[in-house]
Amino acid sequence: MIKAYLFNTLFLLLAITSCKSSKERNLNSQLETINSDCPSDGKCSFEVLKNKSLQIKQDDFGALYPVLEEGISHVIKFEYQRDEIENTQDGHYSELIYVELPQNMQSIQLINDDLSTVKVLFARLCFCRGQTGYYKVTKGQLEITKNEDDTYNFMLQFQIDEVPQIITLIEASFRL
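Residues numbered from 1 in each chain as written. Predicted model: local features only at pLDDT ≥ 70, side-chain atom pairs only at ≥ 80, totals over all residues. Heavy atoms only, no water.

1. Concerning the environment of E95
Mapped onto the elements of the fold, E95 is located in strand β4 (residues 93–101). Here E95 falls in the buried class, since its relative accessible area comes to 0%. A C-alpha to C-alpha distance of 7.8 Å links E95 and Q165, two positions 70 residues apart in sequence. A distance of 2.7 Å separates a polar atom in the side chain of E95 from the backbone nitrogen of I166. (Helix = DSSP H or I, 4+ residues; strand = E, 2+ residues; numbered from the N terminus. Buried < 20%, exposed > 50% of the residue type's maximum accessible area, 1.4 Å probe, protein only. Polar contact = N/O pair within 3.5 Å; in protein donor to acceptor, adjacent residues only side chain to side chain.)

2. As for the sheet that holds strand β1 (residues 33–34)
Spatially, β1-β10-β9-β8-β5 is the arrangement adopted by the 5 strands of the open sheet, whose pairing is antiparallel. Where the open sheet ends on each side, the last strands, each with one partner, are β1 and β5 (108–111). Note that strand β9 (residues 151–159) and strand β10 (residues 169–175) share 7 bridges and pair antiparallel. Residue pairing for β10: T151 is matched across the bridge by R175. (Pairing = 2+ DSSP bridges.)

3. Details of the state of the cysteines
Scanning the entire structure with this criterion turns up 2 disulfides. Put simply, C38 and C44 are joined by a disulfide, and their sulfur atoms are 2.1 Å apart. With the S-S dihedral at roughly 85 degrees, the linkage between C38 and C44 falls on the right-handed side. By relative accessible area, which is 30% here, C38 ends up partly exposed. The partly exposed category is assigned to C44, whose relative accessible area is 21%. In this model C126 forms its disulfide with C128; the gap between the sulfur atoms is 1.8 Å. Between C126 and C128, the S-S torsion sits near -135 degrees, and that sign places the bridge as left-handed. Across this residue pair, the class does not change: C126 and C128 are buried. What connects to what in the protein chain, once the bonded cysteines are numbered by sequence position, is 1-2, 3-4. (Disulfide = S-S within 2.5 Å.)

This is the structure:
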């Protein structure tokens, strides 16, 4: 009898906790909306990482990699994950884009080399010999505008010459 009571109590607590998490996720998803098309063969996500800074480091072989640390900036993280191809090994493919934004941002308009002022980093992660890794974005256009309701419109159109890419345009809305 006591075991059944403890089990029911534990189950109820887990159910309440999971409902709360679901509601919090729904609230966040209302504040971060992807307006551009995502390829039909995968999933896209857009996330604002508040009070973070993006450090772009280099390993012993000269390859870049990101490190997110606590900071006073905000980091935008966009991810495209292609659906894995069935019955294949190493079929994972994803593209990530990181953009570090200043804390008190109002509006931003940057083109090409000026993108380095906000640290724009692209990643192609796959089993693609010689065509995977992280790359600084130096060709493209970034526009962020602040709306009257304290939301932001985000638009990044970019090109990477080092490796093939699928995502070339990201349009989203978010709130800080």
